[in-house]
Amino acid sequence: MNAFRNMKLTASSISKLRHIRYLNLSHCELGNVINDLSSLYNLQTLVLCGSKFQELPRNIGSLKNMRHLNISCTMITALPDSIISLCNLKTLDLSQCTEFQAFPRGIEAWEYIRCIDVSGTKVKELPDCISCYKYLSKLKFTLSKNLEALPRDIGKSELVSTKELSSLSLFYKVYFKMVILLKLEELKAAQIFKVLCKLNSIEAKEFVAFPGPAPTFLSDFLSAPTSST
């Protein structure tokens, strides 16, 4: 429950929350007040779902105790560079941020990150470092219709399920470019490729052509009859 929803927030009212650890400001008109949030040094969870603001504070990286950041359903387009300093961050929810396009450089510093959700965003490429996070257990990007590339070596982990990829294709008929499949472990790539084709009843040749000889799994698949649903 958001106790601040019908309140007029000011810099003065925010300063009184300096010892707070959990703050829910979802669906609030934040305006410039959002810049004062960076003074809440004890904050561990910040929920800004559906709130109206232009951008996160540039010095949000000063919130070293931040564990959970939810900025879903906002019009944010980018994250400030200082966000890489949130070294204790565990969950980042950017779902339905329909204007969000890319992560800043240096997010490999999120050593303890466990869940990243970019569902419904304009993200075109997920950074390669994501597949190297030691504790990451959930990577969500359903309905991200602009997505063209997954992290390198993502096929060697269990972060991305065939269901996650197929739901993307099912709703938006996204025909993944071959650059995605070439980054995946061959066995998993073959499974994903077959699921996408089955869901959309497409011909393999409809996919974007890629340079060089086809991987073994793809050559075998292309030579097999295409079945429709």
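Computed from a prediction, not measured in an experiment: that's the story for all the values here.

**Q** Before we go on, may I ask you to explain the overall build of the chain in this structure?
**A** The helix and strand tally for the chain stands at five helices and six strands. Of the regular secondary structure in the chain, the N- to C-terminal order runs α-β-β-β-β-β-β-α-α-α-α. Taking all contacts inside the chain whose residues are at least 6 apart in sequence as the whole, residues at least 24 apart take part in 40%. Taken as a whole, the chain presents about 12300 Å² of accessible surface, with 51% of it coming from carbon and sulfur.

**Q** What's the story with the environment of Ile-107 in this structure? I'm lost.
**A** Mapping Ile-107 onto the fold places it in the loop between strand 4 (91-93) and strand 5 (115-117). In the structure, Ile-107 is positioned 22 residues away from Cys-129 in sequence and 7.7 Å away in space, judged by C-alpha atoms. Setting aside anything within four residues of it in sequence, one finds Ile-107 in contact with Ile-84, Pro-127, Cys-129 and Tyr-133.

**Q** Help me out: how do you make sense of the pattern of salt bridges in this one?
**A** Side chains that carry opposite charge are capable of pairing whenever their charged atoms lie near each other. A complete count under the given rule lists two salt bridges for this structure. The closest approach of N and O atoms between Glu-29 and Lys-52, which form a salt bridge, is 3.6 Å. Taken as a pair, Glu-29 in the loop between strand 1 (22-24) and strand 2 (45-47) and Lys-52 in the loop between strand 2 and strand 3 (68-70) lie far apart in primary sequence, 23 residues in all. With relative accessibility at 54%, the residue Lys-52 sits in the exposed group.

**Q** So what exactly am I meant to see when it comes to the packing of aromatic side chains here?
**A** The description of two aromatic rings rests on the distance between their centres and on the angle between their planes. All told, the structure shown has two aromatic pairs when counted by the stated rule. Look at Phe-100 and Phe-103: their rings are 5.5 Å apart centre to centre, the planes differ by 80 degrees, and that puts the pair in the edge-to-face class. Ring geometry for Tyr-112 against Tyr-135: centres 5.9 Å apart, planes inclined by 20 degrees, an arrangement best described as stacked. With Tyr-112 in the loop between strand 4 and strand 5 and Tyr-135 in the loop between strand 5 and strand 6 (138-140), this pair connects stretches of sequence that are 23 residues apart. With relative accessibility at 37%, the residue Tyr-135 sits in the partly exposed group.

**Q** What should I look at first to understand unusual backbone geometry in this one?
**A** Phi is mostly negative for residues that are not glycine, and the peptide bonds are mostly trans. In this model, Cys-73 sits at a positive phi of 60 degrees, which is unusual for a non-glycine residue. Here Cys-73 is to be found in the loop between strand 3 and strand 4. In this model, Gln-96 sits at a positive phi of 60 degrees, which is unusual for a non-glycine residue.

**Q** How should I be thinking about the sheet that holds strand 1 in this particular structure?
**A** Whether parallel or antiparallel, the strands of a sheet pair through hydrogen bonds between backbone atoms. Read from one edge to the other, the open sheet built from six strands follows the order 1-2-3-4-5-6, with strand pairing classed as parallel. Here the strands that pair on one side only, and so sit at the sheet edges, are strand 1 and strand 6. For this sheet the average axis-to-axis angle between neighbouring strands, irrespective of direction, equals 5 degrees. With three bridges connecting them, strand 2 and strand 3 associate as parallel partners. Following the sheet pairing, Leu-46 is matched in strand 3 by Leu-69.

**Q** Help me understand the environment of Thr-98, please; the structure alone is not making it clear to me.
**A** Looking at the secondary structure, you find Thr-98 in the loop between strand 4 and strand 5. Given the relative accessible area of 35%, Thr-98 is considered partly exposed. For the pair Thr-98 and Thr-77, spaced 21 residues apart in the sequence, the C-alpha separation amounts to 8.2 Å. When residues no more than four places from it in sequence are discounted, the contact partners of Thr-98 are Thr-74, Met-75, Gly-120 and Lys-122.

**Q** Looking at this model, I keep getting lost on the nonpolar core. Mind explaining?
**A** Most often, soluble globular proteins keep nonpolar side chains buried together rather than apart. Membership of the largest hydrophobic core comes to 45 residues, with the highest contact counts inside it found for Leu-48, Leu-56, Leu-79, Leu-94, Phe-103, Trp-110 and Leu-126. The contacts of Phe-103, once residues within four sequence positions are left out, are Leu-79, Leu-92, Leu-94, Trp-110, Ile-116, Val-118, Leu-126 and Pro-127.

**Q** What's the story with the confidence of the model for the chain in this structure? I'm lost.
**A** Low pLDDT marks regions whose predicted coordinates should not be analysed in detail. Residue-level pLDDT values for the chain average 75, and 62% of them are 70 or greater. Contacts of residues 199-212 to residues separated by more than four positions or lying in other chains number 27 contacts, the stretch itself having pLDDT below 50.

Rules of the game
- Residues numbered from 1 in each chain as written.
- Predicted model: local features only at pLDDT ≥ 70, side-chain atom pairs only at ≥ 80, totals over all residues.
- Heavy atoms only, no water.
- Helix = DSSP H or I, 4+ residues; strand = E, 2+ residues; numbered from the N terminus.
- Contact = heavy atoms within 4.5 Å.
- Areas by Shrake-Rupley, 256 points an atom, 1.4 Å probe, with all protein chains shown as cover.
- Salt bridge = Lys/Arg side-chain N within 4 Å of Asp/Glu carboxyl O.
- Buried < 20%, exposed > 50% of the residue type's maximum accessible area, 1.4 Å probe, protein only.
- Phe/Tyr/Trp six-rings, centres within 6.5 Å; stacked < 30°, edge-to-face > 60°.
- Pairing = 2+ DSSP bridges.
- Axes fitted to C-alpha atoms, helices over the stretch in contact; angles between N-to-C directions.
- Core = buried A, V, L, I, M, F, W, Y, C linked by side-chain atoms within 4.5 Å.
- pLDDT = per-residue confidence, 0-100.

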